[in-house]
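If you want the building blocks of each chain, they are given just below.
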Amino acid sequence: MRKNEALAKLRRGGVISGPMLIFESPDLAEQVAHLGFDFVWLDWQHGQYTELSLNNAIARFLPVASSPIVRVKGHEPGTINRVLDVGAMGVVVPYVQNADQARLAVSAAYYPPKGIRSGGGARLGLLADGAADYYANANPEIMMVVMVETEAAIGRIEEIMRVPGVDVALIGPGDLMIDVRANGHDAAEHERLVLEVAAAGKRTGTAAGYVCGSKEEAETRIAQGFRFINFRSDYAILQAGFRQLREEGASW
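Residues numbered from 1 in each chain as written. Predicted model: local features only at pLDDT ≥ 70, side-chain atom pairs only at ≥ 80, totals over all residues. Heavy atoms only, no water.

Lay out the overall build of the protein chain with the relevant residues and their values.
A tally of regular secondary structure across the protein chain gives 12 helices and eight strands. For 252 residues, the compact-globule estimate of 2.2 N^0.38 gives 18 Å, and the protein chain sits close to it at 18 Å. By sequence separation, contacts in the protein chain at least 24 residues apart represent 64% of the contacts at least 6 residues apart. Approximately 11200 Å² of the protein chain is accessible, and the part contributed by carbon and sulfur atoms is 54%. Both charge centroids of the protein chain, one from 25 positive and one from 30 negative side chains, sit 3 Å from each other. (Helix = DSSP H or I, 4+ residues; strand = E, 2+ residues; numbered from the N terminus. Rg over C-alpha atoms; globule rule 2.2 N^0.38 Å. Contact = heavy atoms within 4.5 Å. Areas by Shrake-Rupley, 256 points an atom, 1.4 Å probe, with all protein chains shown as cover. Lys, Arg positive; Asp, Glu negative; His and termini not counted. Charge placed at Lys NZ, Arg CZ, Asp CG, Glu CD.)

Okay, structure coming up:
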């Protein structure tokens, strides 16, 4: 069975990081797969992937150690099952509000007795010594990341983090700020909630995660105790690179 090296590093207490890919390009995913990130996040929630292109992109990770993880579109168990069946080594489940929703996500991601995942998937035998080996040994290698993106969710953060099978509780800072402001609060409250997730991670042993837009932000969050770091996206890198190119050639 293929080892999920990112998950193993996280379980040893380490920090793992990787970029998010939103553009529908399996060829781009292949190039990034070979760069040595702990994980690469393929975004099916807000990204441009179709099921066919996502399937193709995940296949490009077969010869490399970097773990492909997919942010699914919602909580629907069949969708979680599906991305794992095409070879994802983990799922990111958005907008988890409570422990019951976390348990539903866990149940969809793992085979019995831990969950209710159904056996199937033509690629799975390539991740192990045949399909039967995958079914028997996949559960410990699947990374379950749940996103906490509201004041209400963070108010229940410890019970969410204590759900067996949850590896990471990940803050989506943009959606969290939308919720904070909708509730009449400000950036100071946003930061207080962020630090509460970090503290809950230390109490429970479940990793806290953060979506970071810069190296400086990532270093700050790591110092606070966050151990799952999504660091930038193909969109942000493309925009920054071409903006720099334009500036460098502006005087020609």
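The structure having been displayed, the exposition proceeds.
Could you give an account of the pattern of salt bridges, with specific residues and numbers?
For the structure on display, the rule yields 15 salt bridges. As a salt-bridge pair, aspartate 27 and arginine 60 come within 2.9 Å of each other at their nearest N and O atoms. Placement of aspartate 27 in helix H2 (residues 26-33) and of arginine 60 in the loop between helix H3 (51-59) and strand S3 (67-71) is noted, with a sequence separation of 33 residues between them. With a relative accessible area of 48%, aspartate 27 lands in the partly exposed category. Across the salt bridge formed by arginine 162 and glutamate 158, the nearest N and O atoms sit 3.0 Å from each other. (Salt bridge = Lys/Arg side-chain N within 4 Å of Asp/Glu carboxyl O. Buried < 20%, exposed > 50% of the residue type's maximum accessible area, 1.4 Å probe, protein only.)

Could you give me a rundown of the pairing of strand S8 (residues 228-233), with the residues and numbers involved?
It is a general feature of regular strands that their side chains alternate between the two faces of the sheet. Where strand S1 (residues 16-21) lies against S8, four bridges are found, and the strand directions are parallel. What sits directly across from glycine 18, in S8, is asparagine 230. Bridge count between strand S7 (residues 207-212) and S8: four bridges; the pairing is parallel. Pairing of tyrosine 210 across the sheet is with isoleucine 229, part of S8. Viewed along the sheet, the connection from S7 through helix H11 (residues 215-224) into S8 turns out right-handed. (Pairing = 2+ DSSP bridges. Right-handed = clockwise from strand over helix to strand, strands pointing away.)

Talk me through the sheet that holds strand S5 (residues 143-148); I want residue IDs and the actual numbers.
Taken in spatial order, the eight strands of this closed barrel run S1-S2-S3-S4-S5-S6-S7-S8, and their pairing is parallel. For this sheet the average axis-to-axis angle between neighbouring strands, irrespective of direction, equals 25°. Against the sheet, helix H12 (residues 234-248) engages S1 and S8, with an angle of about 45° to S8. (Axes fitted to C-alpha atoms, helices over the stretch in contact; angles between N-to-C directions.)

Please give an account of the packing of aromatic side chains that cites residues and values.
Scanning all chains against the criterion turns up six aromatic pairs. Arranged with centres 5.5 Å apart and planes meeting at 75°, the rings of tyrosine 111 and tyrosine 135 form a pair that is edge-to-face. With tyrosine 111 in the loop between helix H5 (99-109) and helix H6 (131-137) and tyrosine 135 in helix H6, this residue pair connects regions lying 24 residues apart in the sequence. The exposure class of tyrosine 111 is buried, given its relative accessible area of 4%. (Phe/Tyr/Trp six-rings, centres within 6.5 Å; stacked < 30°, edge-to-face > 60°.)

Explain a nonpolar patch on the surface to me, using residue names and the numbers behind them.
Taken together, Leu238, Phe242 and Leu245 make up a surface patch of nonpolar side chains, about 310 Å² in accessible area. Mapped onto the elements of the fold, leucine 245 is located in helix H12. Since its relative accessible area comes to 52%, leucine 245 is described here as exposed. (Patch = residues over 30% accessible without salt bridge, like charges linked within 9 Å, V, L, I, M, F, W, Y side chains within 5 Å.)

Could you give an account of the packing of helix H9 (residues 173-182) against helix H10 (residues 187-204), with specific residues and numbers?
Following both chains from N to C, one finds H9 and H10 inclined at 130°, their axes separated by 10 Å at the closest point. The angle between the axes of H9 and H10 places the two elements in the oblique class. Between H9 and H10 the crossing geometry is right-handed. Residues Pro173, Leu176, Met177 and Val180 of H9 lie in contact with H10, whose contacting residues are Ala187, Glu189, His190, Leu193 and Val194. Of the residues that constitute the contact of H9 with H10, the class distribution is seven nonpolar, one polar and one charged. (Parallel < 35°, antiparallel > 145°, perpendicular 65-115°, else oblique. Left-handed = near helix turned anticlockwise from the far one by under 90°. Nonpolar A, V, L, I, M, F, W, Y, C, P; charged D, E, K, R; others polar.)

Describe unusual backbone geometry, and please don't skip the residues or the numbers.
Note that the residue after proline 112, namely proline 113, is joined by a cis bond; omega there is 5°. Take proline 113: it is sitting in the loop between H5 and H6. With a phi close to 55°, tyrosine 95 is a non-glycine residue in the positive phi region. As for its placement among the helices and strands, tyrosine 95 is situated in the loop between strand S4 (90-93) and H5.

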